[in-house]
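# Results of the structural survey
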Amino acid sequence: MSPPDPDLSHAEALLGDTLLRPVPRARRVAGLYAALYLEDPLLHQWGGLAALVARHVHLAMESTEGALERFMARGNLDIYRATMPAFLRFRRRAPAIGPLRDGFDLLLQADTMARQDLGQGQAMADRGLTLLAEVEQRDIVQPAYDELGPVQARLLAPFLRFRMGWDPAAPLYDFDGTDPRQADQRVAWARREVLPAWRRLQQERPDLLRAELDRLRRWAGVRMEELGASGPGRP
């Protein structure tokens, strides 16, 4: 029996009393992701994008039930359990482990590069974001998609959308593939639409993005200090 993972324990503790309550948990997860981004918009930009997606997941879970609600709840928790412990390790610069390792290695390089050339550091951080997003879809949530039947997949497709911002006027992005169960289609959608839109928003409206994610954090009831000053165990 492997020893308990202290980073996973810390990540689950951050969920408080929502751990076993999927709908409020999705809201809490969105706020924690937003706090990650606000802490470091360059290296933690995955958290900003994921916060917007998780907010939509919360809203969708409020309006559905049965198998789709269970699917969304499982995916939301699976992603959180994989990524939040990894970010806690990254915050104290501990070596990355597991399938997300290559993405976090790129972020470590981006951290060093940005001190010499911010533009090059941003480009490397963008590559790290892309890699994390692809591993998230191909490795972390795919097992849940594999259990969906064709009817459930058709019912799920309209929920695979999210708004790139808090404001109701912010652009809305819908999955444009034919079968959401196919990781290649979800990754292609992210590469073609989602990630470029995120980068435009980050480059052209950084103050707006920060304000909206701070609003999301407050909506979720998450305080910045809950992440810890530098994560457990960091020198």
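Up top is the structure these notes are about.
Residues numbered from 1 in each chain as written. Predicted model: local features only at pLDDT ≥ 70, side-chain atom pairs only at ≥ 80, totals over all residues. Heavy atoms only, no water.

Here we come to the nonpolar core. Judged by nonpolar contacts, the single largest core of 75 residues is most densely connected at Y33, Y80, M84, F104, M164, W198 and L213. Ranked by residues supplied to this core, first place goes to helix 4 (residues 67-91) with 12 residues. Setting aside residues no more than four positions away along its own chain, L213 makes contact with A34, Y37, L38, G48, A51, L52 and W198. (Core = buried A, V, L, I, M, F, W, Y, C linked by side-chain atoms within 4.5 Å. Buried < 20%, exposed > 50% of the residue type's maximum accessible area, 1.4 Å probe, protein only. Helix = DSSP H or I, 4+ residues; strand = E, 2+ residues; numbered from the N terminus. Contact = heavy atoms within 4.5 Å.)

On to the pattern of salt bridges. A full pass over the atoms with the stated rule returns 20 salt bridges. Between R28 and E226 there is a salt bridge; the shortest N-O distance is 2.3 Å. Taken as a pair, R28 in helix 2 (residues 22-39) and E226 in the segment after helix 10 (206-219) lie far apart in primary sequence, 198 residues in all. The burial state of R28 is the same as that of E226; both residues are buried. (Salt bridge = Lys/Arg side-chain N within 4 Å of Asp/Glu carboxyl O.)

Inspection of every chain in the model, using the stated rule, returns 10 aromatic pairs. When the ring centre of F90 is taken as origin, the NZ or CZ atom of R93, which lies over that ring, is 4.3 Å away. (Phe/Tyr/Trp six-rings, centres within 6.5 Å; stacked < 30°, edge-to-face > 60°. Lys NZ or Arg CZ within 6 Å of the ring centre and 35° of its normal.)

Look at helix 2 against helix 3 (residues 45-62): their axes get within 7 Å of each other, and the N-to-C directions meet at 160 degrees. By the angle class used here, helix 2 and helix 3 are roughly antiparallel. Where helix 2 crosses over helix 3, the handedness of that crossing is left-handed. Residues P22, V23, A26, R27, V29, A30, Y33, A34 and Y37 of helix 2 form the contact with helix 3, whose participating residues are Q45, W46, G47, G48, A50, A51, A54, R55, H58, M61 and E62. Classifying every residue of the contact of helix 2 with helix 3 by side-chain character gives 13 nonpolar, 4 polar and 3 charged. (Axes fitted to C-alpha atoms, helices over the stretch in contact; angles between N-to-C directions. Parallel < 35°, antiparallel > 145°, perpendicular 65-115°, else oblique. Left-handed = near helix turned anticlockwise from the far one by under 90°. Nonpolar A, V, L, I, M, F, W, Y, C, P; charged D, E, K, R; others polar.)

So, about the environment of A153. Following the sequence through the fold, A153 ends up in helix 8 (residues 150-156). On a C-alpha basis, the gap between A153 and L68 in space is 9.1 Å, while along the polypeptide they are 85 residues apart. Sequence-distant contacts of A153, that is, excluding residues within four places in its chain, are made with D179, P180 and R181.

Here T18 shows up in the loop between helix 1 (6-14) and helix 2. Within the structure, T18 has its side chain in polar contact with the backbone oxygen of L15 (distance 2.7 Å). If we ignore the near neighbours within four places in the chain, the residues touching T18 are P24, R25 and R28. (Polar contact = N/O pair within 3.5 Å; in protein donor to acceptor, adjacent residues only side chain to side chain.)

So, on to the side chain of T64. Topologically, T64 is positioned in the loop between helix 3 and helix 4. Those residues in contact with T64, other than ones at most four positions away along the chain, are E69, M72 and F159.

Let's shift gears to helix 6 (residues 118-140). Taking 1.5 Å per residue, 23 residues should reach 33 Å; helix 6 reaches 31 Å between its end C-alpha atoms and fits that length. Between the side-chain oxygen of the N-cap and the backbone nitrogen of G119 there are 3.0 Å, and the N-cap of helix 6 in question is D117. (Expected span 1.5 Å × (residues − 1).)

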